Amino acid sequence: DTGVSQDPRHKITKRGQNVTFRCDPISEHNRLYWYRQTLGQGPEFLTYFQNEAQLEKSRLLSDRFSAERPKGSFSTLEIQRTEQGDSAMYLCASSLDGYSSGANVLTFGAGSRLTVL
Amino acid sequence: GEDVEQSLFLSVREGDSSVINCTYTDSSSTYLYWYKQEPGAGLQLLTYIFSNMDMKQDQRLTVLLNKKDKHLSLRIADTQTGDSAIYFCAERSPNTGNQFYFGTGTSLTVIP
């Protein structure tokens, strides 16, 4: 297993365009999280999935943002009508669920950096 | 469970010990974490501590937890230039749906 993979690593787009990021978690991890990180800040929680079910969404996730995990494996995060304020690093992380020790640890991907011009 | 605070910057000389501090507000936090982030990379888990522990040691890393003061620290012994990075404290609490909340990070600079 190569860990959590994110694609693309960098995306530059013009304001108003749509962008989509993909995350492939560690294969046996059934929880998948999306975080946003802006310069000088820690990661801010956006949403998470348990298998294919989206269990929680942050108030940061406006209606321009949508996340899916259709088969409980990879996930996509789409931002519609991008704004300059959307420029950030989008981090994906995964974990086991339940009460195992692995459920208490997030493994992060390298992130997808979005720049909106 | 969302207020996790850290000082922004720390500079130390190579070979000295570094101590990075963190305070949190949720007394129900069950796990507390230290993550490391190098430029352009994601977060790498360094260590974590369960709330019923006071101390955890792992090679050059020592974590101290003071539950009464809601204070967590990370000590790096014999700090090396490769330790230069941003260090994030995080906490997880059943009060917040077991979400992970991160501090703003401490940028550690190791001077050769």
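Some details on the nonpolar core
Soluble globular proteins tend to bury their nonpolar side chains together.
Phase 1 of the analysis: Formed by 21 residues in total, the largest nonpolar core has its most connected members in Trp34, Leu72, Leu74 and Tyr87 of chain B.
Phase 2 of the analysis: Of all hydrophobic cores here, the second largest spans 19 residues; its members include Cys23, Trp34, Cys92 and Leu114 of chain A.

As for the state of the cysteines
Residue and element names in this part refer to chain A.
Phase 1 of the analysis: Per the counting criterion, the structure on display carries two disulfides over all chains.
Phase 2 of the analysis: Between Cys23 and Cys92 runs a disulfide, and the two sulfur atoms are separated by 1.9 Å. Of note, the bridge from Cys23 to Cys92 carries an S-S torsion of about -70° and is left-handed in sense. Residue Cys23 is found in strand S3 (residues 19–24), and its partner Cys92 is found in strand S9 (residues 88–95); the two are separated by 69 residues along the sequence.

What about the sheet that holds strand S1 (residues 5–7) of chain A?
All names here are of chain A.
Phase 1 of the analysis: Spatially, the four strands line up as an open sheet ordered S1-S3-S8-S7, and their pairing is antiparallel. Each of the sheet's edge strands pairs with one partner strand only, and the pair in question is S1 and strand S7 (65–68). With strand direction ignored, the average angle separating the axes of adjacent strands in the sheet is 15°.
Phase 2 of the analysis: As judged from the three bridges shared by S1 and S3, these two strands associate in the antiparallel manner. In the strand pairing of S3, Asp7 is matched with Arg22.

So, the pattern of salt bridges
When their charged atoms lie close together, side chains carrying opposite charge are able to pair.
Residue and element names in this part refer to chain A.
Phase 1 of the analysis: One pass over the structure, following the stated rule, counts seven salt bridges over all chains.
Phase 2 of the analysis: Here Glu83 and Arg64 are joined by a salt bridge, their closest N and O atoms 3.4 Å apart. Placement of Glu83 in the loop between strand S8 (75–79) and S9 and of Arg64 in the loop between strand S6 (53–57) and S7 is noted, with a sequence separation of 19 residues between them.

Section: the environment of Phe108 of chain A
Phase 1 of the analysis: Mapped onto the elements, Phe108 of chain A comes out in strand S10 (residues 107–108).
Phase 2 of the analysis: Exposure remark for Phe108 of chain A: the relative accessible area of 8% places this residue in the buried category.
Phase 3 of the analysis: The spacing of Phe108 of chain A and Gln6 of chain A is 102 residues in sequence and 9.5 Å in space, taken between C-alpha atoms.
Phase 4 of the analysis: Contacts of Phe108 of chain A, omitting those with residues within four sequence positions, involve Val4, Tyr35, Leu91, Cys92 and Ala93 of chain A together with Tyr35, Leu43 and Phe102 of chain B.

Some points on the packing of aromatic side chains
Phase 1 of the analysis: All chains considered together, the criterion is met by 18 aromatic pairs over all chains.
Phase 2 of the analysis: Relative to Phe50 of chain B, the ring of Tyr31 of chain B has its centre 4.8 Å away and its plane inclined at 45°; by these criteria the two rings are tilted. On the criterion of sequence distance, the pair formed by Tyr31 of chain B in strand S4 (residues 31–37) and Phe50 of chain B in strand S5 (residues 43–50) is long-range, its members being 19 residues apart.
Phase 3 of the analysis: By the ring-pair criterion, three or more aromatic residues cluster together here, those being Tyr33, Tyr35, Phe45, Tyr48 and Phe108 of chain A together with Tyr31, Tyr33, Tyr35, Tyr48, Phe50, Phe100 and Phe102 of chain B.
Phase 4 of the analysis: The ring of Phe74 of chain A carries Arg22 of chain A above its face, with NZ or CZ at 3.9 Å from the centroid.

Quick notes on the rules
- Residues numbered from 1 in each chain as written.
- Chains lettered and ligands numbered in written order.
- Predicted model: local features only at pLDDT ≥ 70, side-chain atom pairs only at ≥ 80, totals over all residues.
- Heavy atoms only, no water.
- Core = buried A, V, L, I, M, F, W, Y, C linked by side-chain atoms within 4.5 Å.
- Buried < 20%, exposed > 50% of the residue type's maximum accessible area, 1.4 Å probe, protein only.
- Disulfide = S-S within 2.5 Å.
- Helix = DSSP H or I, 4+ residues; strand = E, 2+ residues; numbered from the N terminus.
- Pairing = 2+ DSSP bridges.
- Axes fitted to C-alpha atoms, helices over the stretch in contact; angles between N-to-C directions.
- Salt bridge = Lys/Arg side-chain N within 4 Å of Asp/Glu carboxyl O.
- Contact = heavy atoms within 4.5 Å.
- Phe/Tyr/Trp six-rings, centres within 6.5 Å; stacked < 30°, edge-to-face > 60°.
- Lys NZ or Arg CZ within 6 Å of the ring centre and 35° of its normal.

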